[in-house]
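Here is what each chain is made of, one letter per residue.
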Amino acid sequence: DAKTTQPPSMDCAEGRAANLPCNHSTISGNEYVYWYRQIHSQGPQYIIHGLKNNETNEMASLIITEDRKSSTLILPHATLRDTAVYYCIALQGANNLFFGTGTRLTVIP
Amino acid sequence: DAMVIQNPRYQVTQFGKPVTLSCSQTLNHNVMYWYQQKSSQAPKLLFHYYDKDFNNEADTPDNFQSRRPNTSFCFLDIRSPGLGDAAMYLCATSSNRGVLTGEQFFGPGTRLTVL
């Protein structure tokens, strides 16, 4: 499974877009990119996943570069409730989600 | 609402005293997972059940066991808890489709303290 690299922390102003980067330069062709987040004292929450096409759902958008070596999770209008640790995971098959160190996103009023 | 329930939310045990954590789900999912999350660390998978098939991670200590008597319930048994086993224990579930999409549903966790 590909290793992912994320910045340890980021700040974002409330109402602005939060762009969370993830590097997965060793990703293989059949490995998906998953994003989860964990709000303090709660279990992780699935956000979105993708293989090579950009994806969007009600929570976020996922932009994957053409070479698939990196991706960006976009929260279009961050709210205070989006303050959490965001995990980027790249692997084949979802039975073993390896959570890396993640990015601690703080949304500032 | 369909959900993943973990009881208790907080559990205190003594060093070496066996403890059981429980998880139940109303989602009717085939797959159930147990994760360990130590303070300021990411969750780490201990094992999972695909229906009745038990899958242990290679580095999960023998001190940790699991039981899944039916689809809805899954238990985590720690036979002789050590101080290093103090952590948040997270239960998660996934449907067959979720195994392909990567979507797991997590419970709120049980925080275990070992005295």
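Heads up: these notes are all about the structure in this document.

**Some thoughts on the sheet that holds strand β6 (residues 61-64) of chain A**
All names here are of chain A.
Link 1 in the chain: In space, the four strands of this open sheet follow the order β2-β7-β6-β5, with antiparallel pairing throughout. Every interior strand has two partners, whereas the edge strands, β2 (18-23) and β5 (55-56), have only one.
Link 2 in the chain: Sheet topology note: the β5/β6 ladder contains two bridges and is antiparallel. Counterpart to E55 in the pairing with β6 is L62.

**Some thoughts on the interface of chain A and chain B**
Link 1 in the chain: If you look at the interface, chain A gives 17 residues, while chain B gives 23 residues.
Link 2 in the chain: Summed over both sides, the interface between chain A and chain B buries roughly 1400 Å², with carbon and sulfur atoms accounting for 50% of that surface.
Link 3 in the chain: The interface formed by chain A and chain B holds zero salt bridges in total.
Link 4 in the chain: For the side of chain A that touches chain B, the secondary-structure elements that each account for two or more residues are β3 (32-38) and β4 (45-50) of chain A.
Link 5 in the chain: Tallying contributions element by element places β3 of chain A first for the side of chain A that touches chain B, with three residues.
Link 6 in the chain: The class makeup of the residues in the side of chain A that touches chain B is eight nonpolar, nine polar and no charged.

**Details of the nonpolar core**
All names here are of chain A.
Link 1 in the chain: Counting residues in each nonpolar core, the largest one holds 21 residues, and the members touching the most others are L20, W35, L73, L75, Y86 and L105.
Link 2 in the chain: Elements with a contribution of two residues or more to this core: β2, β3, β4, β6, β7 (70-75), β8 (84-91) and β9 (103-108).
Link 3 in the chain: The dominant element in this core, judged by the number of residues it contributes, is β8, at four residues.

**Some thoughts on the sheet that holds strand β8 (residues 73-78) of chain B**
All names here are of chain B.
Link 1 in the chain: The four strands lie next to each other as β1-β3-β8-β7, forming an open sheet whose pairing is antiparallel. Each end of this open sheet is capped by a strand with a single partner; those strands are β1 (4-7) and β7 (64-67). Sheet twist, expressed as the mean angle between neighbouring strand axes with direction ignored, is 20 degrees.
Link 2 in the chain: The sheet contact formed by strand β3 (residues 19-25) and β8 spans six bridges and is antiparallel.

**Here's the deal with the state of the cysteines**
Link 1 in the chain: A full pass over the atoms with the stated rule returns two disulfides over all chains.
Link 2 in the chain: At a sulfur-sulfur separation of 2.1 Å, the disulfide partner of C22 of chain A is C88 of chain A. Measuring the twist about the S-S bond at about -80 degrees, one finds the C22 of chain A-C88 of chain A disulfide to be left-handed. With C22 of chain A in strand β2 and C88 of chain A in strand β8, this residue pair connects regions lying 66 residues apart in the sequence. Exposure class is identical for C22 of chain A and C88 of chain A. Each is buried.
Link 3 in the chain: Between the sulfur of C23 of chain B and that of C91 of chain B lies a disulfide, 1.9 Å long from S to S. One disulfide, between C23 of chain B and C91 of chain B, carries an S-S torsion of -75 degrees and so falls in the left-handed class. Of this pair, C23 of chain B sits in strand β3 while C91 of chain B sits in strand β9 (residues 87-94); the two residues are 68 residues apart in sequence, bridging distant segments of the chain. The same class applies to C23 of chain B and to C91 of chain B, which are both buried.
Link 4 in the chain: The thiol of C12 of chain A is unpaired, and the distance to the nearest cysteine sulfur, on C22 of chain A, comes to 18 Å.

Reading the values: the criteria
Residues numbered from 1 in each chain as written. Chains lettered and ligands numbered in written order. Predicted model: local features only at pLDDT ≥ 70, side-chain atom pairs only at ≥ 80, totals over all residues. Heavy atoms only, no water. Pairing = 2+ DSSP bridges. Helix = DSSP H or I, 4+ residues; strand = E, 2+ residues; numbered from the N terminus. Contact = heavy atoms within 4.5 Å. Buried area = accessible area lost by both parts, 1.4 Å probe. Salt bridge = Lys/Arg side-chain N within 4 Å of Asp/Glu carboxyl O. Nonpolar A, V, L, I, M, F, W, Y, C, P; charged D, E, K, R; others polar. Core = buried A, V, L, I, M, F, W, Y, C linked by side-chain atoms within 4.5 Å. Buried < 20%, exposed > 50% of the residue type's maximum accessible area, 1.4 Å probe, protein only. Axes fitted to C-alpha atoms, helices over the stretch in contact; angles between N-to-C directions. Disulfide = S-S within 2.5 Å.

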